[in-house]
Amino acid sequence: MLVTTIERLQRIGQAVIERFDATIPYFYSAEDRERGYICGHDRQGYPCRYPLLSLSIAVVPVAPAQYQQPYEIAMRAATLKRQSKQVNGSCLLIDSPERGM
């Protein structure tokens, strides 16, 4: 969790993603990086492919009196994070009033 101003969040989020995306490939072998995934097994023991790690950042701007309890903010962030997982690669998803709760 990071608390910042609306004016700074885009710049901070993009900087975090850029740093993550530039660093994460070094945690994989050259073969895995070239292939774009790693081989593993799922929970049932079946062979499967897993994409290289990416970073999803969900941002919930909070206005005074918009939320009654902290858990409401956490629930909204969880919803946004699930949406961001539908994107291939790293992403920054900023909530907007149009999406609502």
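Residues numbered from 1 in each chain as written. Predicted model: local features only at pLDDT ≥ 70, side-chain atom pairs only at ≥ 80, totals over all residues. Heavy atoms only, no water.

### What about the overall build of the chain?
- A tally of helices and strands in the chain yields three helices and four strands.
- Its helices and strands taken in sequence order, the chain reads α-α-β-β-β-α-β from the N to the C terminus.
- The C-alpha radius of gyration computed for the chain amounts to 17 Å, which surpasses the reference 13 Å derived for 101 residues by more than 25%, pointing to a less compact arrangement than a globule.
- With the C-alpha coordinates aligned to their principal axes, the bounding extent of the chain is approximately 50 × 30 × 20 Å.
- Among the 101 residues that make up the chain, the fraction classed as buried is 22%.
- Contacts in the chain between residues at least 24 apart in sequence constitute 48% of all its contacts with a sequence separation of at least 6.
- Carbon and sulfur atoms provide 56% of the accessible area of the chain, an area that totals close to 7900 Å². (Helix = DSSP H or I, 4+ residues; strand = E, 2+ residues; numbered from the N terminus. Rg over C-alpha atoms; globule rule 2.2 N^0.38 Å. Buried < 20%, exposed > 50% of the residue type's maximum accessible area, 1.4 Å probe, protein only. Contact = heavy atoms within 4.5 Å. Areas by Shrake-Rupley, 256 points an atom, 1.4 Å probe, with all protein chains shown as cover.)

### Notes on the pairing of strand β2 (residues 47-51)
- Within β2, only zero of the five residues are buried, leaving the element largely exposed.
- Across five bridges, the pairing between strand β1 (residues 37-41) and β2 is antiparallel. Across the sheet, His41 pairs through a bridge with Pro47, a residue of β2.
- The turn joining β1 and β2, which pair antiparallel and follow one another in sequence, is formed by five residues; a positive phi near 90° is taken by Gly45. (Pairing = 2+ DSSP bridges.)

### Re the nonpolar core
- Among the nonpolar cores identified, the biggest contains five residues, and these are Leu9, Ile17, Ile57, Val59 and Leu92.
- Mapped onto this core, the elements with two or more residues apiece are α1 (6-23) and β3 (56-59).
- Those residues within four positions of Leu9 in sequence are excluded, and the remaining contacts are Thr4, Val59, Leu92 and Ile94. (Core = buried A, V, L, I, M, F, W, Y, C linked by side-chain atoms within 4.5 Å.)

### Considering the pattern of salt bridges
- By the definition in use, this model includes three salt bridges.
- A salt bridge links Arg76 to Asp95, with the nearest nitrogen and oxygen atoms 2.9 Å apart. One end of the pair, Arg76, is in helix α3 (residues 70-84); the other, Asp95, is in the segment after β4 (91-94), and 19 residues separate them in sequence.
- One network of salt bridges, in which partners are shared, links Glu31, Asp32 and Arg35. (Salt bridge = Lys/Arg side-chain N within 4 Å of Asp/Glu carboxyl O.)

### Observations concerning the environment of Gln86
- By the element assignment, Gln86 lies in the loop between α3 and β4.
- Sequence separation of Gln86 and Glu18 is 68 residues, and the distance between their C-alpha atoms is 19 Å.

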